Amino acid sequence: MEQKKILIITYYWPPAGGPGVQRWLKFAKYLPDFGWKPIIYTPENPSYPLLDETLMKDVPKNIEIVRTKIWEPYQLAEKLNKSNKKFKAGQFDVGKNQSWKSKLSIWVRGNFFIPDARVFWVKPSIQFLEKYIKENKIDTIVTSGPPHSLHLIGLGLKEKLTNLKWIADFRDPWTEISYYKHLKLTKSSDKKHRQLESAVFKNADITLATSYTDAENFRKAGAHAFCITNGFDESDGSEKLKTPKNTEDKFTLSYIGVLEQLRNPENLWTALDELVKENVEFARHFSLKFVGRIDDKILHSIENSNLKNLILNLGYLSHGKAVEEMQNSEILLITNFPNESSKGIIPGKIFEYLASGKQILSFGPDKADVSKILDETGAGKHFSYRDSETVKTFILEKFDLWKNGILSENTQNIEQFSRKSLTKQLTKILS
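The paragraphs below set out a description of the structure included in this document. Small disclaimer: the values here were computed from a predicted structure and weren't measured. (Residues numbered from 1 in each chain as written. Predicted model: local features only at pLDDT ≥ 70, side-chain atom pairs only at ≥ 80, totals over all residues. Heavy atoms only, no water.)

1. Some points on the overall build of the protein
Helix and strand content of the protein: 16 helices and 13 strands. A burial count over the protein gives 58% of its 431 residues as buried. Taking contacts inside the protein between residues at least 6 apart in sequence as the whole, the part at least 24 apart equals 75%. In the form shown here, the protein has an accessible surface area of approximately 18900 Å², with 51% of it arising from carbon and sulfur atoms. (Helix = DSSP H or I, 4+ residues; strand = E, 2+ residues; numbered from the N terminus. Buried < 20%, exposed > 50% of the residue type's maximum accessible area, 1.4 Å probe, protein only. Contact = heavy atoms within 4.5 Å. Areas by Shrake-Rupley, 256 points an atom, 1.4 Å probe, with all protein chains shown as cover.)

2. Remarks on the pattern of salt bridges
All chains considered together, the criterion is met by 24 salt bridges. When the shortest N-O distance is used, the salt bridge between glutamate 260 and arginine 263 registers 2.7 Å. Relative accessible area serves as the criterion here: at 11%, arginine 263 is assigned to the buried category. The residue glutamate 389 makes a salt bridge to lysine 392 at a minimum N-O spacing of 3.9 Å. With a gap of three residues between them, glutamate 389 and lysine 392 both fall in helix α15 (residues 389-403), about one helical turn apart. Residue classification places lysine 392 among the buried residues on the basis of a relative accessible area of 7%. (Salt bridge = Lys/Arg side-chain N within 4 Å of Asp/Glu carboxyl O.)

3. Quick look at the side chain of lysine 158
Within the fold, lysine 158 resides in helix α5 (residues 149-160). At 2.7 Å, the side chain of lysine 158 forms a polar contact with the side chain of aspartate 205. When near neighbours in sequence (up to four residues on either side) are disregarded, lysine 158 contacts Leu164, Lys165, Trp166, Asn203 and Asp205. (Polar contact = N/O pair within 3.5 Å; in protein donor to acceptor, adjacent residues only side chain to side chain.)

4. Quick notes on the sheet that holds strand β13 (residues 380-383)
With parallel pairing, six strands are arranged side by side in an open sheet as β10-β9-β8-β11-β12-β13. Because the sheet does not close on itself, it has two edges, and the strands there are β10 (311-315) and β13. Strand-to-strand twist across the sheet, computed as the mean angle between neighbouring axes with direction ignored, equals 20 degrees. Where strand β8 (residues 251-259) and strand β11 (residues 331-335) come together, three bridges link them in parallel fashion. Paired with serine 254 across the bridge in β11 is leucine 332. The sheet strands contacting helix α13 (residues 349-356) are β8, β11 and β12 (359-363), and the helix crosses β11 at an angle near 165 degrees. (Pairing = 2+ DSSP bridges. Axes fitted to C-alpha atoms, helices over the stretch in contact; angles between N-to-C directions.)

5. Things to note about the side chain of serine 254
Assignment of secondary structure puts serine 254 in strand β8. Given a relative accessible area of 0%, serine 254 falls into the buried group. In this structure serine 254 touches Lys289, Glu325, Ser329, Ile331, Leu332, Leu333 and Tyr353, once residues within four positions along its chain are discounted.

6. Some thoughts on the nonpolar core
Counting 62 residues, the largest nonpolar core has Leu7, Ile9, Leu129, Ile133, Ile141, Ile153 and Leu157 as the members making the most contacts within it. Discounting chain neighbours no more than four positions away, the residues touching isoleucine 141 are Leu7, Ile9, Ile133, Gly154, Leu157, Leu164, Lys165, Trp166 and Ile167. Within the second largest apolar cluster, 32 residues are counted, among which are Leu253, Phe282, Leu288 and Val391. (Core = buried A, V, L, I, M, F, W, Y, C linked by side-chain atoms within 4.5 Å.)

7. Thoughts on the packing of aromatic side chains
Taken as a whole and assessed by the stated rule, the structure comprises 23 aromatic pairs. Taking 4.6 Å as the distance between ring centres and 55 degrees as the angle between the ring planes, the aromatic pair formed by tryptophan 24 and phenylalanine 27 counts as tilted. In this pair, tryptophan 24 and phenylalanine 27 are both assigned in helix α1 (residues 22-30), three residues apart and thus about one turn of the helix distant. An identical accessibility class is assigned to tryptophan 24 and phenylalanine 27; each is buried. Aromatic pair phenylalanine 383 and phenylalanine 394: ring centres 5.7 Å apart, planes at 70 degrees, arrangement edge-to-face. Taken together, the residues span a long stretch of sequence, with phenylalanine 383 in strand β13 and phenylalanine 394 in helix α15 at a distance of eleven residues. Taken individually, phenylalanine 383 and phenylalanine 394 each receive the classification buried, so the pair is uniform in this respect. Clustering of aromatic rings is evident, with ring pairs tying together Phe251, Phe282, Phe286, Phe399 and Trp402. Arginine 118 extends its terminal NZ or CZ atom over the ring of tyrosine 11, reaching a point 4.1 Å from the ring centre. In this arrangement the basic side chain of lysine 372 is found over the ring face of tyrosine 212, its NZ or CZ atom lying 4.1 Å from the centre. (Phe/Tyr/Trp six-rings, centres within 6.5 Å; stacked < 30°, edge-to-face > 60°. Lys NZ or Arg CZ within 6 Å of the ring centre and 35° of its normal.)

8. Considering the pairing of β10
Sheet analysis places strand β9 (residues 286-294) next to β10, joined by four bridges and oriented parallel. The residue bridging phenylalanine 290 from the neighbouring strand is asparagine 313, located in β10. Handedness of the crossover joining β9 and β10 through helix α11 (residues 296-303) is recorded here as right-handed. (Right-handed = clockwise from strand over helix to strand, strands pointing away.)

Structure representation (structure tokens):
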């Protein structure tokens, strides 16, 4: 039986690193098992904030990849202000950390590049793909954002090819994401963002969200929305189980990924600082490990505390090495934006955290979707950014269990989050 074709329009594709690339990389890996042939459309010359060559091994053999050139203004932004390199990863300075150059750059980014700086790829892609889709008899496409400019490609193709089935996949929300309010938008720019978002919701045949709350919010905004979370790849599971455990006499709390100022758990650093001062044994065994990219201002603040000599900052590592560092930890930290509108964000790395069996310490708004997952799997605890003493209690409880050799690993009820199971869910929605 001939496989059905699905064109996946994505900015992030190996050798891009970070969580953004893995969602559709994994879907593409398992779609053929369910009768679908994925075709990838991605930029020929992208400006990725992170690279991870090891992810190339997950690219399916013989998969068709179509590339066209893109122009992005990041080089100009970086000449104006070196800190603008963060823009490529959706980050920027906030509050007291903003210089006048940062403020100007953010204003330009929010008001001149709507919805984002990849918008210059939209018209050429629509022109190219209209012909490609007709010639290759493709009737289903996916656009994955952010960058949300890619959804405008889908919108343009849907207008030209009305019988085309279009799935708009939102890995993060558009106007409801926390940093949106920091973009210094004019009223007209805000209106344009919201009009474009509404057009995507109303014209896409299916809108996918990565969290339960986002799917509900998208439905309220007029979208035909479903939730398919991110997950962990079962084919990586055996490797994780074989990874040697921490042989050092250290009780390690690790953060894996990018930590920017908007998701900085200052109450955790305060709690750990107090624990180190109050508990000699804890101070002797504790280690705070960062794998990825931590904002230099956050790192500077921690280094000026009692935690200074307990920090292990490994920088960005390949995905495989990052998984090893998860295994060589006792508690894995995950953070979300603190505001109520972000309660639906489920960071993708939580699923690999779950697969590792390690305890998870989460920070974000009250009643977050992450809290629901942790409760369902018994894998850890979620706190708000206001919590302090309860955070200390949680960490001390885990430390005492570790000290007595009874800090157990837990992987209950996680099969639903395997990449293959999630791909099966996707194909049911596509049919």
